[in-house]
Amino acid sequence: MSWVLVPAAGRGRRFGGDIPKQYLHIAGQPLIAYTLQALLSHPEIDGAVIALAENDPYWPGWSQWQGKSVRVCIGGAERADSVAAALQALPDSVTDEAVVLVHDAARPNLRHSDIDRLLAAAAACADGALLAAPVRDTLKRADGAARSLGTEPRERLWRALTPQAFRRGLLQRALAEAAQAGVMVTDEAMAVERLGLRPQLVEGREDNLKVTTPADLALVAFLLETP
């Protein structure tokens, strides 16, 4: 059984607007509600820790979801700070060897089949695992004026998704060492890679979208409302 950490302290500046994107509504429910439903309805997930902004006025105050514990903590200015805080807020029963998942608050269209394969990979690989998708588009390298300089090879390139899954002790050490070195990691796998480790890439569904723009929100709404 595993716990999941959900960094939700960000303001979503790229999305725009006054309300953080995780609280925007689809069919009367905030986006984060769909995310928690996808996670906590999985039988192998025990509970969640949500890292919130200080004095977050939008958090609905949930302490349970489908009978599973929902804890909250105060996150930080960066994603890594929020994940580190959420790790500290886990129950004492979660050992250093227990696998914990980290998932984006604004990535609600997650399927149980992807969680199944991720958990299996993380159990088999001591370096952890993450959902990812092979790059399929042609990649261009640009100059400062956004003129195309050439085409980059896409072989062996993947887009990192979430959840990402690591043993609690390993993830805490990786994040602490990155912070001490002054390195701002953009995901948990980057912190673990800095230790010389190689997390397992697990191909996930392409519709596991992260809401970053208004167009993303419209597409996710369509996916969530389509049986």
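Residues numbered from 1 in each chain as written. Predicted model: local features only at pLDDT ≥ 70, side-chain atom pairs only at ≥ 80, totals over all residues. Heavy atoms only, no water.

A. Broad picture of helix α2 (residues 79-88). Three or more residues of α2 are buried, namely A80, S82, V83, A86 and L87. Take α2 and look down its axis: the buried residues cluster within an arc of 160°, on one side only. Taken together, the buried residues of α2 touch β1 (2-8), β4 (45-52), β6 (68-74), β7 (99-102), α4 (168-180) and α5 (188-193). (Buried < 20%, exposed > 50% of the residue type's maximum accessible area, 1.4 Å probe, protein only. Helix = DSSP H or I, 4+ residues; strand = E, 2+ residues; numbered from the N terminus. Arc of directions from axis to C-beta. Contact = heavy atoms within 4.5 Å.)

B. Just the pairing of β6, in detail. Examined bridge by bridge, β4 and β6 share six bridges and lie parallel to one another. Its bridge partner being in β6, A48 is matched across the sheet by V70. Both strand β5 (residues 64-65) and β6 contribute to a ladder of two bridges, which runs antiparallel. Across the sheet, W65 pairs through a bridge with K68, a residue of β6. As consecutive antiparallel partners, β5 and β6 are separated by two residues, and within that stretch Q66 has a phi angle of approximately 55°, a positive value. (Pairing = 2+ DSSP bridges.)

C. How the structure looks around the sheet that holds strand β12 (residues 200-203). Spatially, eight strands are ordered β5-β6-β4-β1-β7-β11-β8-β12 in an open sheet, and the strand pairing comes out mixed. The open sheet has two edge strands with one neighbour each: β5 and β12. Relative to β12, strand β8 (residues 129-134) runs parallel, the two being bridged by four bridges. The partner of A132 across the bridge, within β12, is E203. Packed on one face of the sheet, helix α1 (residues 31-40) meets β1, β4, β5, β6 and β11 (158-167) and runs near 155° to β4. The strands that α2 touches are β1, β4, β6, β7 and β11; relative to β1, the one it contacts most, it runs at about 140°. (Axes fitted to C-alpha atoms, helices over the stretch in contact; angles between N-to-C directions.)

D. The nonpolar core, seen in detail. If you look at the biggest cluster of nonpolar residues, it comprises 32 residues, and the most contacted ones within it are I50, W59 and L101. Looking at this core, the element that brings in the most residues is α1, giving six residues. Here W59 is in contact with Y23, I32, L36, I50, L52, V70 and V72, once residues within four sequence places are set aside. W3, A86, V100 and V192 belong to the second-largest nonpolar core, a separate cluster that totals 26 residues. (Core = buried A, V, L, I, M, F, W, Y, C linked by side-chain atoms within 4.5 Å.)

E. Structural view of the packing of aromatic side chains. The tally for this structure, following the rule as stated, stands at three aromatic pairs. Relative to W65, the ring of W62 lies with its centre 4.9 Å away and its plane at 75°, an arrangement referred to as edge-to-face. The class for W65 is buried, based on a relative accessible area of 15%. Aromatic ring contacts, followed pair by pair, group W59, W62 and W65 into a single cluster. (Phe/Tyr/Trp six-rings, centres within 6.5 Å; stacked < 30°, edge-to-face > 60°.)

F. Up close: the pattern of salt bridges. Taken as a whole and assessed by the stated rule, the structure comprises twelve salt bridges. Among the ionic pairs, E188 bridges to R79, the shortest N-O distance being 2.8 Å. Of this pair, E188 sits in helix α5 while R79 sits in helix α2, and the two are 109 residues apart along the sequence. Notably, a salt bridge pairs R167 with E97, separated by 3.8 Å at the nearest N-O pair. Linking R167 in strand β11 with E97 in the loop between α2 and β7, this pair joins segments that are 70 residues apart in sequence. When its relative accessible area of 16% is taken as the criterion, R167 is described as buried. Judged by its relative accessible area of 58%, E97 falls in the exposed class. (Salt bridge = Lys/Arg side-chain N within 4 Å of Asp/Glu carboxyl O.)

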